Amino acid sequence: MKHIEVAAAIIHNNEGQIFATQRGYGDFKDFWEFPGGKMEPGETPEETLRREIWEELETQVAVERLVTTVEWDYPSFHLTMHCFWCHVESGSLTLKEHEAAQWLGADELDSVNWLPADKGLVEKIKRILE
């Protein structure tokens, strides 16, 4: 089975909200996810996040700490997703690849249709925010 390794940013703000993005392409179009992307050879997850968030959102993030690593089997590949707590250093979170985005509080996280691999992470984030 194909293996894909990615880094995901759990971007939070001072109001206790999390930034979520809606996919605009691929098999999981319209599902919601945490922004980030595939790791390049020789790249650390933190480097991946800084590069991907700049490419996707024209924003620089500070990577604070690893929250968890999710292992998930999709029908055609195995995903390893390194999930980091982050905050915006500079930029305006401009959508370049996503259809939509929202800031969600703990009580709003279940209001969107998350990708399967992200659902368990959402439960963990709710516990952190409460």
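Numbering of residues begins from 1 in every chain and follows the order in which that chain's sequence is written. Since the coordinates come from a predicted model, pLDDT governs what is reported: local features require at least 70, and pairs of side-chain atoms require 80 or more to be given and counted, while whole-chain, interface and lining totals use all residues. Computation of side-chain values covers all heavy atoms of the structure but excludes hydrogens and water.

### Some points on the sheet that holds strand β5 (residues 59-73)
Note the cut-off: Strands are labelled as partners when DSSP assigns at least two bridges between them. Helical segments are the DSSP runs of H or I of at least four residues, strand segments are the runs of E of at least two, and each set is numbered from the N terminus. To define axes, lines are fitted to C-alpha atoms, for helices over the stretch in contact only, and angles between the resulting N-to-C directions are given on a 0 to 180 degree scale. Contact definition: two residues touch when any of their heavy atoms are within 4.5 Å.
If you trace the four strands from one edge of the open sheet to the other, you get β4-β1-β6-β5, paired in mixed fashion. The open sheet has two edge strands with one neighbour each: β4 (36-38) and β5. Taking the axes of each pair of neighbouring strands and ignoring which way they run, one obtains an average angle of 20° across the sheet. In the sheet, strand β1 (residues 2-11) pairs with strand β6 (residues 77-91) via ten bridges, with the strands oriented parallel. Along β6, the bridge assignment pairs K2 with F77. Docked against the sheet, helix α2 (residues 116-129) engages β1, β5 and β6, running at close to 125° with respect to β5.

### So, the nonpolar core
Generally speaking, a soluble globular protein has its nonpolar side chains buried in company with each other. How we decide: Nonpolar cores were defined as sets of buried Ala, Val, Leu, Ile, Met, Phe, Trp, Tyr and Cys residues, with membership established by side-chain atoms within 4.5 Å. Think of it in three bands: residues with accessible area under 20% of the maximum for their type are buried, residues over 50% are exposed, and the middle band is partly exposed, with areas taken using a 1.4 Å probe on protein chains only.
I10, F34, L79, M81, W114, L121 and I125 are the most contacted members of the largest nonpolar core, which totals 25 residues. Put simply, the parts of the chain that give this core at least two residues each are β1, β2 (18-23), β5, β6 and α2. If we skip the residues at most four places from it in the chain, W114 touches A20, F31, W32, E33, F34, L104, L109, K119 and V122. A9, F19, I53 and L93 belong to the second largest nonpolar core, which has eleven residues in total.

### Side note on helix α1 (residues 45-57)
The condition is simple: Given the number of residues in a helix, its expected span is that number minus one, multiplied by 1.5 Å. In this description, the arc belongs to the directions extending from the helix axis to the C-beta atoms.
Taking 1.5 Å per residue, 13 residues should reach 18 Å; α1 reaches 17 Å between its end C-alpha atoms and fits that length. Those residues of α1 not exposed but buried are P45, T48, L49, E52, I53, E56 and L57. The buried side chains of α1 occupy one side of the element, clustering within an arc of 120° when seen end-on. Just downstream of α1 lies E58, where phi reads positive at about 50°.

### Quick notes on unusual backbone geometry
Positive phi, normally seen in glycine, also occurs at D30, with a value near 80°. Relative accessible area serves as the criterion here: at 34%, D30 is assigned to the partly exposed category. Even without a glycine there, the phi angle at E58 is positive, about 50°. Inspection of the secondary structure assignment puts E58 in the loop between α1 and β5.

### Regarding the environment of K2
Secondary-structure assignment places K2 in strand β1. Judged by its relative accessible area of 53%, K2 falls in the exposed class. For the pair K2 and L79, spaced 77 residues apart in the sequence, the C-alpha separation amounts to 8.7 Å. With sequence-adjacent residues up to four places away left out, K2 is seen in contact with S76, F77 and H78.

All we've got here are geometric facts, nothing functional implied.
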